[in-house]
Amino acid sequence: MWPLRSGVSRLSRWPPAKVALVQCPVWWTTDPPLGLAQLAGSLKHFGHETEVFDLSIELYRERGEKYKNAWAWEQFAFWQDAAWMADCFRDHAAFWDRAVTRILESDSPVIGFAVFLGSLRTTLEVARRLKAAAPDRVIVLGGEYFFLGGKAEELIRHPSVDAIVTGAADFAFPELVKKLQDSGRLEPCPGAVVKRDGEILSGGERPPQDSLDELPFADYEPFPLALYEDANRIPMTASRGCVRRCAFCSTREFWKGYSYMSGERIYAEVAHHAKRHPGRRHVEFYDITANGSVPSLERFAELVIEKGPTIAWKINAIIRPEMTREVLDKLAASGCTSIIYGLESGSEHVLKLMRKEYGPAVAERVLKDTHEAGIKTTANFMFGFPGETDADFRETLEFLRRNHRWLDRVYPSRTYTALEEHAYLFEHPEEFGIKVDPAKPTNLYWETLDGTNDFLVRMKRCDEFCALAAELGIDVQKGLDAELALDRQLSLAQYHEFKSNDLEAARAYLAYAELDLQNPASLSRLKDYEIKLAGKHPDDVASRDALALVRATLWQAERESRTGAVTDRSAEFSGAR
Ligand code: B12
Ligand code: SF4
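Residues numbered from 1 in each chain as written. Chains lettered and ligands numbered in written order. Predicted model: local features only at pLDDT ≥ 70, side-chain atom pairs only at ≥ 80, totals over all residues.

Draft legend 1. Geometry of the overall build of the chain. Of regular secondary structure, the chain possesses 21 helices and 16 strands. Taking 2.2 N^0.38 as the reference for a compact globule, 577 residues should give roughly 25 Å; the C-alpha atoms of the chain span a radius of gyration of 25 Å, in line with that estimate. Its C-alpha atoms put the chain at 75 × 65 × 45 Å along the principal axes. Put simply, the chain has 577 residues, and 44% of those count as buried. Restricting to contacts in the chain with at least 6 residues of sequence separation, those with at least 24 account for 76%. (Helix = DSSP H or I, 4+ residues; strand = E, 2+ residues; numbered from the N terminus. Rg over C-alpha atoms; globule rule 2.2 N^0.38 Å. Buried ≥ 20, exposed ≤ 12 C-beta atoms within 10 Å, placed from the backbone. Contact = placed C-beta atoms within 7 Å.)

Draft legend 2. Focus on helix H21 (residues 541–563). In a regular helix each residue adds 1.5 Å, so 23 residues correspond to 33 Å; H21 covers 33 Å between its end C-alpha atoms and thus fits that length. Of all the residues in H21, the buried ones are Ser 543, Ala 546, Leu 547, Val 550 and Thr 553. On its buried face, H21 sits against helix H19 (502–515) and helix H20 (520–534). (Expected span 1.5 Å × (residues − 1).)

Draft legend 3. Region of interest: the domain arrangement of the chain. For the chain, the assigned domains read domain 1 (11–202), domain 2 (234–273 + 283–464) and domain 3 (495–576). Taken over C-alpha atoms, the centre of domain 2 sits 36 Å from the centre of domain 3. (Domains from an automatic or database assignment.)

Draft legend 4. Summary view of the nonpolar core. Counting residues in each nonpolar core, the largest one holds 151 residues, and the members touching the most others are Val 22, Val 140, Ala 163, Ile 164, Leu 176, Ala 192 and Tyr 509. Setting aside chain neighbours within four positions, we find Leu 176 in contact with Val 140, Ala 163, Val 165, Cys 189 and Ala 192. (Core = buried A, V, L, I, M, F, W, Y, C linked by C-beta atoms within 7 Å.)

Draft legend 5. Layout of the sheet that holds strand S1 (residues 18–23). Pairing is mixed across the open sheet formed by seven strands, whose spatial order is S2-S1-S3-S4-S5-S6-S7. Looking along the sheet, the strands with just one partner apiece sit at the ends: strand S2 (49–54) and strand S7 (199–202). Averaged over neighbouring strand pairs, the angle between their axes works out to 20° when direction is ignored. Bridge analysis of S1 against S2 gives six bridges, and the strand direction is parallel. The residue of S2 that forms the bridge with Val 22 is Phe 53. Relative to the sheet, helix H3 (residues 55–62) contacts S1 and S2, its axis offset from that of S2 by approximately 35°. (Pairing = 2+ DSSP bridges. Axes fitted to C-alpha atoms, helices over the stretch in contact; angles between N-to-C directions.)

Draft legend 6. Inspection of the site of ligand 1 at higher detail. Around ligand 1, 38 residues are found, and the nearest of them are Gly 35, Gly 112, Phe 116, Gly 142 and Ala 169. Listed by contribution, the elements that provide at least two residues to the shell around ligand 1 are helix H2 (34–45), strand S3 (110–114), strand S4 (138–142) and helix H9 (251–254). The leading source of residues in the shell around ligand 1 is H2, at five residues. Classifying every residue of the shell around ligand 1 gives 26 nonpolar, nine polar and three charged. Mapping the shell around ligand 1 onto the domain boundaries places at least three of its residues in each of domain 1 (11–202) and domain 2 (234–273 + 283–464). (Near = placed C-beta within 6 Å. Nonpolar A, V, L, I, M, F, W, Y, C, P; charged D, E, K, R; others polar.)

Draft legend 7. Spatial organisation of the sheet that holds strand S15 (residues 409–412). Here seven strands make up an open sheet; going across it, the order is S8-S11-S12-S13-S14-S15-S16 and the pairing parallel. Of all strands in the sheet, those bounded by a partner on one side alone are strand S8 (233–236) and strand S16 (475–476). Examined bridge by bridge, S15 and S16 share two bridges and lie parallel to one another. Across the sheet, Arg 409 pairs through a bridge with Asp 475, a residue of S16. Lying on the sheet, helix H14 (residues 360–372) is in contact with strand S13 (336–344) and strand S14 (376–381); it crosses S14 at an angle near 150°.

As structure tokens, then:
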């Protein structure tokens, strides 16, 4: 057993410090978590050793049958459900015990966790177990979960948490480790808050990084690369933030302004990864706005064309006039195979309401040029932005008809128009005619004061859009790893649940169970509805019929799981993996 000593003295005796980096579930399974890879690179650059534990991908590979689909995006909410989580820890008890032991045996005095909403509960449980076994280990949390909204102030009080990096940690985390190493105790530094002898000390804000040219390269070497599903991919970001401020989007609140790498810096990192991982030839740029600086992107393309290596790469981009045919030809020649544009609507009126800085005419030209340059062209669409009339929506359908030849794929938003926390729309609902019920806040199920736009209207528009796109031969996808029918069904069930419409919610969960019978979370909802429907008036025939179906479904699920005759539906909806 690792001797319990003060993490402080252990650290001061150990230059350089060793840091364990942990990703708890859920995170996605296609490629390694980029934020952690970035930190591994930074820590290495500053002379520290790292060991990475991606418990999300490891558990994904070892998960029980019952959890077969739990990593699909539309299941993400279940990872925040306390009862579901308790089951997951119980059902995989050996996995979690081994994980805690391995982290402790890495002999890292500092253990850092990457947190977002879906990994928060698992993180806190693993941190609790680590602290219980070895109270001297210093537990540090970080990730975009802490960027906004006072989450750090709240979680730093958690008994298992010693420090939180509240923003970009590329320099803040190595500085925190270094201070700990030098002084022998936790010291706050800009961008981090620490807890020392029960006292909470904040280092204040850290000014944002103007240029990303000084960033150390991300490091994928400590990751279990063989476990991720895409064996050909290296993730990267060459920019942070965005140059625009669309009304529905919170990006500019997470990353203030827009910081980016020069073409030379992007090229240097891409060439580095290509050399270190010769088997991986696809660079997935996860920048939310990769063409915030078109000259940088163009320069990167020129360098690849000039010097190699041969790679394929993909970006998310904004529609802007600077995406000329000449630029797009250059991007294509350097290996750009796919561009996803955040187009959102084909209506001039709606684009204005959204504060997009282009109209449909520019969008048409850019889509056409992108497609003709030989780049797979995808556009994201949203439905029912407040102020979007039925006539506006018809314009989007017309746009699709006019431009379907240039669109290889569309990503219809499955939240239609969500009120994203911290976005302008979220902060100013009255300006957009959105009804606010403080007793029942909702990001998804909002409706307008005039009653013309609610969740079902938005869902219907999306359905109509998807049907037309499919008819026009455009590939319709979700974007993330999700199955469209399951996602839609779950959305509908949750909407009726929100509306306290027991009958419709039970029907929607029944339809969900037809697609995915063994999903533990939807089965547990059906059990709740069994009780609720049984309590309805005996003359309520519809509820009685639904109750019979609920019971039959629960019985069938029970029988299947008891006999092991589980229908493996995962193959039906893991196409995107
Ligand atoms: C790229 C991206 C993804 C990629 C990630 C690919 C990959 N291989 O990592 C994919 C497409 C998989 C993805 C998925 C999802 N994402 Co996402 N994603 C982003 C995006 C656009 C950029 C994140 C990024 O990589 N930035 C660059 C890296 C370097 O930054 P970083 O990860 O934040 O890491 C830095 C800091 O956070 C910190 N840090 C990170 N980890 C740690 C750990 C420690 C110990 C410390 C000290 C610090 C630290 O230091 C890092 C370096 O500075 C952000 C939005 C944005 N505008 O930034 C959303 C965002 C992170 N995603 C979000 C969400 C909710 C999701 C999804 C659940 C769905 C969705 N709504 O998009 C899914 C999850 C899927 C699943 N099943 O798990 C939210 C998180 C919200 C929250 N507060 O928790 C964000 C903020 C978007 C939003 N506004 O809703 N996403
Ligand atoms: S929606 Fe896209 S273009 Fe608009 S602010 Fe957000 S990231 Fe930028």
